[in-house]
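Per-entry structural report
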Amino acid sequence: MLEERNIRKTCGYSSAGPSLHAGSTQLRSKLLQQSPAPACPTPESGCPHPSRTGNLTAEPADPARVSSRERLELVALVYSSCIAENLVPNLFLELFFVLQLLTARRMVAAKDSDLEPNPGAVDSLESPLFQSVHDCVFFAVQVLEHQFHVLSHLDKGTLKLLAENERLLCFSPVLQGHLRAAYEGSVAKVSLAMPPSAQAVSFQPETDNRANFSSDRAFHTFKKQRDVFYEVLREWEDRHEEPGWDFEKGLGSRIRAMMSQLSAACSHSHFVRLFQKQLLQMCQSPGGAGGTVLGEAPDVLNMLGADKLGRLRRLQERLVAPQSSGGPCPPPTFPGCQGFFRDFILSASSFQFNQHLMDSLSLKIRELNSLALPQPEPSDEDGESDVDWQGERRQFAVVLLSLRLLAKFLGFVAFLPYRGPEPPPTRELQDTILALRSQVPPVLDVRALLQQGLRARRAVLTVPWLVEFLSLADHIVPMLDYYRSVFTLLLHLHRSLVLSKENEGEMCFLNKLLLLAVLGWLFQIPTVPEDLFFLEEDQLDAFEVDTVASEHGLDSMPVVDQHLLYTCCPYIGELRKLLASWVSGSSGRSGGFVRKITPTTTTTGLGAQPPRTTQGLQAQLAQAFFHNQPPSLRRTVEFVAERIGSNCVKHIKATLVADLVRQAESLLQEQLVTQGQEGGDPAQLLEILCSRLCPHGAQALTQGREFCQKKSPGAVRALLPEETPAAVLSSAENIAVGLATEKACAWLSANVTALIRREVKAAVSRMLRAQGPEPAARGERRGCSRACEHHAPLPSHLISEIKDVLSLAVGPRDSEEGVSPEHLEQLLGQLGQMLRCRQFLCPPAEQHLAKCSVELASLVVADQIPVLGPPAQQQLERGQARRLLLMLVSLWKEDFQVPVPLQLLLRPRNVGLLAAARPREWDLLLFLLRELVEKGLMGRMEIEACLGSLHEAQWPRDFSEELATLFNLFLTEPHVPQPQLRACELVQPNRGTVLAQS
């Protein structure tokens, strides 16, 4: 943290915000004033600043005319370090600023400038920077080179515009080449939003029937109000885009009249449920302006069946989608259909409705936030679980978008009574308001939910909706103690999300990028105090924020893709618009790709593609069918389709692919018999076999369709109630068959050929390894001699025995429980016997035994194994421990034929066992490390790297000092045997008295 504070001071960070240099601060203000971003204060005194006015001719930028090159490189390095260490509030705002410098057209002199450059101090520290377009472009390119890991995850259009920029090509051809490669390798697509139709929420018999109302009058009143609500919604949909039309004048009186009739509490509850479901149905997609996530609305283009459907769809997106999101840091808004629900709440002006709505929103947020989202098991190389993972990622996106929408409206309603355009004018009034509002409990305990999300490694789900909730807060909220602690936690999380750290177990890169984007946007909202981000480290709460994701946390799963990132943060697209404006305003020169636009015609009839038209109509019919059925029916059909599709892939692998592998083995055996033992080049053999067998993969689609048609109807019938009408059951079965077939065939058509090649390659490798030059050589390689009688214990028995010892050492135990040294030596002897007789040993079992042996060595080094014997002897003697370690080293060196994960010895969890020992003794660890080096099992550089990485973990101060001393001791005295070293000797090696006493 001290280094972080020094970097911040070096860059000129203060409570007012970041600044690089006097000249660059004014430069930044000028640029942001000319951008679509919110206006920044105009500096009192200025210098020549870049102008991006479209009517100015762009001045050519020349690398040879850059002044103060070394100073600019240094400033760019420090500035990039601040961005990389999250010492700036908003990552994408900084990138926007840098791209503005890259695309500056020319320098325009500011009036009343008092920063005239001194001719005698051209390269002195007093001369201002950024005095020319050349300096601005050079600085921007230097920063972009340091931020390439972020740029490579932008959308394909932005990468294309960057790679085509002639200034970037002129100043850094290497970076331009990297960007071009990233563009060509990018497969992610970001689709703009499409407006939905106001489709009504279907009738819910579980909650909307007569039994849920107090009287017939209340029931019929609710039905009338439901009809009025949809009449209002239809009228808004038809007229809200008309010039001069006003929501309050057109619909306000009808809404208030409708609300006045909802007198009973149960009526409010039913109407709020309808309001919330309609909100989710219409606005769950990006910005409330997109098609529904759970089911897309009917698409006219699908019905046309045009030959170039993709081009027409992109044209539709460009014509309908909004052109700007309000700059790189737009204020909270309610775009699209969200505006209807916001105006409805404002026009209703009903305290009862608002209270019921807050209760319902809070309950739904808690329910979705605690939803146990399915997580895939670690997938193998063939990507077999991809067909499952696609559905789970889609489910995460649905839940996240729903949470953000609900939290946004909860914040809007909860803070509505306090919201105003300006903060309190006087300090006395502010203190009075703070004293009053500090007694009001929060509408939702967001602090507890945030802490739970951080501990459960679900920050990627919790933080985005919490940001939406806080973005609607008024000026007083960040000053309240409760919410200030929430902002402090978010600030601590923001500083810990360093993108350059990509260690194993860390949060996924795009997950981090999403959190940084939403948090950066929150810190720039006007209601959030500017000095909040620049709190000193000692002012932060002590709650630990750990970005290392657990095995079962969402943070470690790649649940965020590029499309979801741009959906939650549409303002990132401002980078692309900024670059596009430079291209459109340039003088026609473009050093990038030249794209030929081919006009399309309508020579093919509208019915030229019946399969696509039929598929679109079937999807629409399925949507209409589910709309008139209970939601449970749809969930059941989708569940059956998901599982049958996954089982179909596994069935094809177990039948068709397995048969092809057996054919490959037979063909290879014939080839080996024909050509002799050598059998030719293995790569050539593999290509021959694959060329013969891969075409048979086309049978997978036929077999997959048959499997889905056979299994899906039975699964639907088993899960649906017996009282389901025959017509409904038949339709559900047909839809399940279609969905399952679509999922399975899509995966098989894309992956079955690669799957066959991989399985055939594995079979060829197995057979070639088994076919040695001589039987004796094969027996010698296996480690089992001809005279072996195979009396070694079974691997499963040894695994169980070693696990018993490990569980006895690390788990809770009685005082009389323990293990004798003789039993440990006998156990290692049996392990060596089994490794030499490999009759029943398979590679997975050998790998597991290797890992268990390393864990056992860690416990021996840490002296954590309870020993049976006299009361005075509860631990292994030094001689016994060294004998056990030597036996393990011998097994690792001579008997194991799989890689032994020796790096686990220096993992923080295993080294941390020494922290609990009193007194700490390090001689066994040094002894083991030197033995590993002498036997060639680990290199000195590898051990030094592992020891160096241990310093990054959080240790007690005394333990950290001992680790540093151990590291130095290993470097300086690698071959000194003996003597016994305790903790006191590592910290103070000259205290002989302590050594004698110990």
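Residues numbered from 1 in each chain as written. Predicted model: local features only at pLDDT ≥ 70, side-chain atom pairs only at ≥ 80, totals over all residues. Heavy atoms only, no water.

An unreviewed UniProt entry annotates the chain as Codanin-1 isoform X4 originating from Delphinapterus leucas.

**What about the overall build of the chain?**
The criterion, for reference: Under the scheme used here, helices are H or I runs from DSSP no shorter than 4 residues and strands are E runs no shorter than 2 residues, and both carry numbers assigned from the N terminus. Here the term buried applies to any residue with accessible area under 20% of the maximum for its type, exposed to any over 50%, and partly exposed to those in between, with areas from a 1.4 Å probe on protein chains only. Contacts are assigned to residue pairs that have any heavy atoms within 4.5 Å of one another. Each accessible area value is a Shrake-Rupley result obtained with a 1.4 Å probe; residue values ignore everything except the protein chains displayed when judging cover.
Counting its secondary structure elements, the chain contains 42 helices and two strands. Expressed as a percentage of the 998 residues in the chain, the buried residues total 48%. Pairs at least 24 residues apart make up 82% of the contacts formed inside the chain by residues separated by at least 6 positions. For the chain, the accessible surface area stands at approximately 49,300 Å², while carbon and sulfur atoms represent 54% of it.

**A closer look at the environment of valine 559**
Positionally, valine 559 belongs in the loop between α23 (509–523) and α24 (562–568). In sequence terms valine 559 and arginine 393 are 166 residues apart; their C-alpha atoms lie 5.4 Å from each other.

**Here we look at the nonpolar core**
Threshold: By nonpolar core we mean a set of buried residues, namely Ala, Val, Leu, Ile, Met, Phe, Trp, Tyr and Cys, connected to one another through side-chain atoms within 4.5 Å.
With 157 residues, the main nonpolar core has Phe229, Phe271, Phe344, Phe396, Val463 and Ile572 as its most contacted residues. With 14 residues, helix α18 (residues 386–414) is the largest single contributor of residues to this core. When neighbours within four sequence positions are excluded, phenylalanine 271 is seen to be in contact with Phe222, Phe229, Met258, Met259, Leu262, Phe344 and Phe353. Core analysis: the next-biggest nonpolar cluster, separate from the first, contains 65 residues, Leu824, Leu827, Leu831 and Leu849 among them.

**Things to note about the side chain of threonine 462**
Inspection of the secondary structure puts threonine 462 in helix α21 (residues 459–471). Assessed through its relative accessible area of 1%, threonine 462 is described here as buried. Sequence-distant contacts of threonine 462, that is, excluding residues within four places in its chain, are made with Asn369, Leu449, Leu450 and Gly453.

**Let's talk about the packing of aromatic side chains**
Stated precisely, the cut-off is as follows: Ring pairs are drawn from Phe, Tyr and Trp, using the six-membered ring of Trp, whenever the two centres fall within 6.5 Å, and their geometry is named by plane angle: stacked under 30 degrees, edge-to-face over 60, tilted for the rest. By definition, being over a ring means that NZ of Lys or CZ of Arg is both within 6 Å of the ring centre and within 35 degrees of the ring normal.
Inspection of the entire model under this criterion finds 26 aromatic pairs. Here phenylalanine 344 and phenylalanine 353 contribute two aromatic rings whose centre-to-centre distance is 6.1 Å and whose plane-to-plane angle is 65°, an arrangement assigned as edge-to-face. What makes phenylalanine 353 buried here is its relative accessible area of 0%. Residue placement shows lysine 156 over the ring face of tyrosine 183; its charged tip is 5.4 Å from the ring centre. In this arrangement the basic side chain of arginine 882 is found over the ring face of phenylalanine 927, its NZ or CZ atom lying 4.6 Å from the centre.

**Side note on the environment of arginine 393**
Within the fold, arginine 393 resides in helix α18. Judged by relative accessible area, which is 27%, arginine 393 ranks as partly exposed. Residues arginine 393 and methionine 557, 164 residues apart in the sequence, show an inter-C-alpha distance of 9.4 Å. Contacts of arginine 393, omitting those with residues within four sequence positions, involve Pro558, Val559 and Asp561.

**So, the side chain of arginine 404**
Within the fold, arginine 404 resides in helix α18. Since its relative accessible area comes to 12%, arginine 404 is described here as buried. Discounting residues that sit within four places of it in the chain, arginine 404 has contacts with Pro464, Trp465, Glu468 and Cys568.

**Regarding the packing of helix α32 (residues 795–810) against helix α34 (residues 843–861)**
Let me state the cut-off plainly: Note on geometry: axes are lines fitted to C-alpha atoms, helical ones only across the stretch in contact, with angles between N-to-C directions running from 0 to 180 degrees. If an angle is under 35 degrees, it is roughly parallel; if it is over 145, roughly antiparallel; if it lies from 65 to 115, roughly perpendicular; otherwise it is oblique. In this scheme the crossing of two helices becomes right-handed for a clockwise turn of the near helix relative to the far one and left-handed for an anticlockwise turn of less than a right angle. Note on residue classes: Ala, Val, Leu, Ile, Met, Phe, Trp, Tyr, Cys and Pro are nonpolar, Asp, Glu, Lys and Arg are charged, and everything else, Gly too, is polar.
Where α32 meets α34, the axes come as close as 10 Å, and the angle between the chain directions of the two elements is 25°. With respect to their mutual orientation, α32 and α34 come out roughly parallel. Note that α32 runs across α34; the crossing there is left-handed. Contacts between α32 and α34 involve Pro795, Leu798, Ile799, Ile802, Lys803, Val805, Leu806, Ala809 and Val810 from the first element and Ala845, His848, Leu849, Cys852, Glu855, Leu856 and Leu859 from the second. Here the contact of α32 with α34 is composed, by residue class, of 13 nonpolar, one polar and two charged.

**Some remarks on empty space enclosed by the protein**
The condition that has to hold: Both cavities and pockets are sets of points on a 1 Å grid over the protein atoms alone; in a cavity a 1.4 Å probe fits but cannot get out, in a pocket the set is open with protein on both sides within 12 Å along at least five of seven lines, and lining residues sit with an atom within 4 Å of a point. Grid points are joined across faces, edges and corners, and a volume is the space filled by probe spheres set on the points.
Inspection of the entire model under this criterion finds eight cavities of 30 Å³ or more. One number sums up the size of the second largest cavity: a volume of about 80 Å³. In terms of residue class, the lining of the second largest cavity is made up of seven nonpolar, two polar and no charged.

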